[in-house]
Amino acid sequence: WDSVPFENVSVDDLDKESFDIFYRETIRSGRMSKDDLRLSNLELLEKLNLLDGTMLKRAAVLLFHRNPEKWITGSFVKIGFFENDADLRYQDEVHGSLMIQADRVIDLLYTKYLIAEISYDNITRIEHYPFPKDAIRKAIFNALIHQDFSVGVPVQISVYKDKLYISNDCVFPANWTAETLMQKHRSLPHNPDIANTFFRAGFIESWGRGVEKICRLCKEYGISEPEYTVHPNDIMMMFKANMDVVTQKDDTVNDTVNDTVNAILALIKQNPSITYEDLTKKTGKSRRTISRIITELKTTGTIVRVGSDKTGHWMINQ
């Protein structure tokens, strides 16, 4: 499907940032020569087999166009945090080319959705997340290259306190099962042109070793291998969290949030006209964190803003 020629887009319509991401990752992976890095965009697409004559293939549009959804519905990633199966707390969508999605999904997931337990080795800061980052990265990249984009449903990542799901629509070879994935198997990507580009960028391995490496990374991290649920038209991977990290994280986060809330209330009591900037400086927290806590305190009625944002002041309800 990704090899179908696409008449509506030219090379000049493709996105510079997406090419920059590809070249940056290619240099890092060393999977293309220095001469390849001097190619024009057109020459690069030809080398990656993303042209059909003079026309771009669909894979080229997905990989390098800023807004492939204009033609290919559902070509983005959706992330949600769930308290339980029925309670979605918050969500995000990552849009853009597949190069942009590959570049940003992991950062968003690990900066907003997963909180690390922090420890120190002398002066070196060490972050322990509930899931191994390299394994999650490989699983998400696999979902993107095996995604059946003709269905119009995005890749979905569902995050819970103790588990994480990655699901995508796909077309499995006949007679393949979850057991097949866990064994030695041939590499049969649904989108071979996308898979080849991801391989050249160093995002994925070849020879069907992705699942094997994900399982090994999970084992090394102290968690069980991911569980696969395979249906005729979709697949879901479920990772179980390292509960030691989750338990410590919950205690640390609750203590930290409570300390920050108490600090903000104390500062407001000392100076009812205190600004967001001063709260940020005095607590050492980001403007985003301060804004979130202030919003929660206003919602619960703990504090009230009297007057305008510029000349008003805060009042604490006792």
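The structure under discussion appears in the preceding block.
Cut-offs and rules
Residues numbered from 1 in each chain as written. Predicted model: local features only at pLDDT ≥ 70, side-chain atom pairs only at ≥ 80, totals over all residues. Heavy atoms only, no water. Helix = DSSP H or I, 4+ residues; strand = E, 2+ residues; numbered from the N terminus. Buried < 20%, exposed > 50% of the residue type's maximum accessible area, 1.4 Å probe, protein only. Contact = heavy atoms within 4.5 Å. Core = buried A, V, L, I, M, F, W, Y, C linked by side-chain atoms within 4.5 Å. Pairing = 2+ DSSP bridges. Axes fitted to C-alpha atoms, helices over the stretch in contact; angles between N-to-C directions. Patch = residues over 30% accessible without salt bridge, like charges linked within 9 Å, V, L, I, M, F, W, Y side chains within 5 Å. Areas by Shrake-Rupley, 256 points an atom, 1.4 Å probe, with all protein chains shown as cover. Salt bridge = Lys/Arg side-chain N within 4 Å of Asp/Glu carboxyl O. Disulfide = S-S within 2.5 Å.

Trainee: Break down the side chain of Asn242 for me, with residues and values.
Mentor: Along the chain, Asn242 falls in the loop between β11 (234-240) and α9 (243-270). Judged by its relative accessible area of 14%, Asn242 is buried. Beyond its immediate chain neighbours, meaning those up to four positions away, Asn242 contacts Pro130, Tyr221 and Ile223.

Trainee: Tell me about the nonpolar core, and name the residues and values.
Mentor: Among the nonpolar cores identified, the biggest contains 72 residues, and Leu45, Leu109, Ile157, Phe198 and Phe239 are the most heavily contacted of them. Broken down by element, the residue count for this core peaks at nine residues, all from helix α4 (residues 98-113). Here Ile157 is in contact with Val77, Lys78, Ile79, Gly80, Val105, Leu109, Ile140, Leu164, Tyr165 and Ile166, once residues within four sequence places are set aside. Counting residues in hydrophobic clusters, the runner-up holds 13 residues, among them Ile264, Ile274, Leu279 and Ile293.

Trainee: Break down the sheet that holds strand β9 (residues 163-169) for me, citing the residues and quoting the values.
Mentor: On the basis of which strands lie adjacent, the open sheet formed by six strands has the order β5-β4-β8-β9-β11-β10 and mixed pairing. At either end of the open sheet lies a strand with only one pairing partner, and these are β5 (87-94) and β10 (227-230). Looking at each pair of strands side by side, their axes are set apart by 15° on average, direction ignored. With seven bridges joining them, strand β4 (residues 77-84) and β5 adopt antiparallel strand pairing. Bridge pairing links Phe81 to Tyr90 in β5. Relative to β5, α4 is tilted by about 150°, and along the sheet it contacts β4, β5, β8 (155-159) and β9. Against the sheet, helix α5 (residues 133-146) touches β4, β8, β9 and β11, its axis set at about 15° to β9.

Trainee: So what's going on with a nonpolar patch on the surface? Which residues, and what values?
Mentor: A contiguous nonpolar surface patch, about 200 Å² in accessible area, is contributed by Val304, Val306 and Met315. Here Val304 shows up in strand β12 (residues 303-306). Given the relative accessible area of 30%, Val304 is considered partly exposed.

Trainee: Mind laying out the state of the cysteines, listing which residues take part and the relevant values?
Mentor: What the rule picks out here adds up to zero disulfides. Cys215 provides the cysteine sulfur closest to Cys218, a residue in no disulfide bond, and the two sulfurs are 6.6 Å apart.

Trainee: An account of the sheet that holds strand β1 (residues 5-6) is needed here, citing residue identities and associated values.
Mentor: Consider a sheet: its strands pair through backbone hydrogen bonds, and that pairing is either parallel or antiparallel. Taking strand neighbours across the sheet as the criterion, the three strands line up as β1-β3-β2 in an open arrangement whose pairing is antiparallel. Of all strands in the sheet, those with a lone pairing partner are β1 and β2 (51-52), marking the two edges. Bridge count for β2 against strand β3 (residues 55-57) is two bridges, and the pairing is antiparallel. Note on β3: the bridge partner recorded for Asp52 is Met55.

Trainee: Tell me what's going on with the pattern of salt bridges, and back it up with residues and numbers.
Mentor: By the definition in use, this model includes 17 salt bridges. Here Arg24 and Asp103 are joined by a salt bridge, their closest N and O atoms 2.4 Å apart. With Arg24 in helix α1 (residues 16-29) and Asp103 in helix α4, this residue pair connects regions lying 79 residues apart in the sequence. Take Arg24: its relative accessible area is 35%, and that puts it in the partly exposed class. The shortest N-O distance in the salt bridge between Glu220 and Arg216 comes to 3.1 Å. Of this pair, Glu220 and Arg216 both sit in helix α8 (residues 210-221), four residues apart, roughly one helical turn. Where salt bridges share partners, they join Asp15, Glu17, Arg66 and Arg104 into one cluster.

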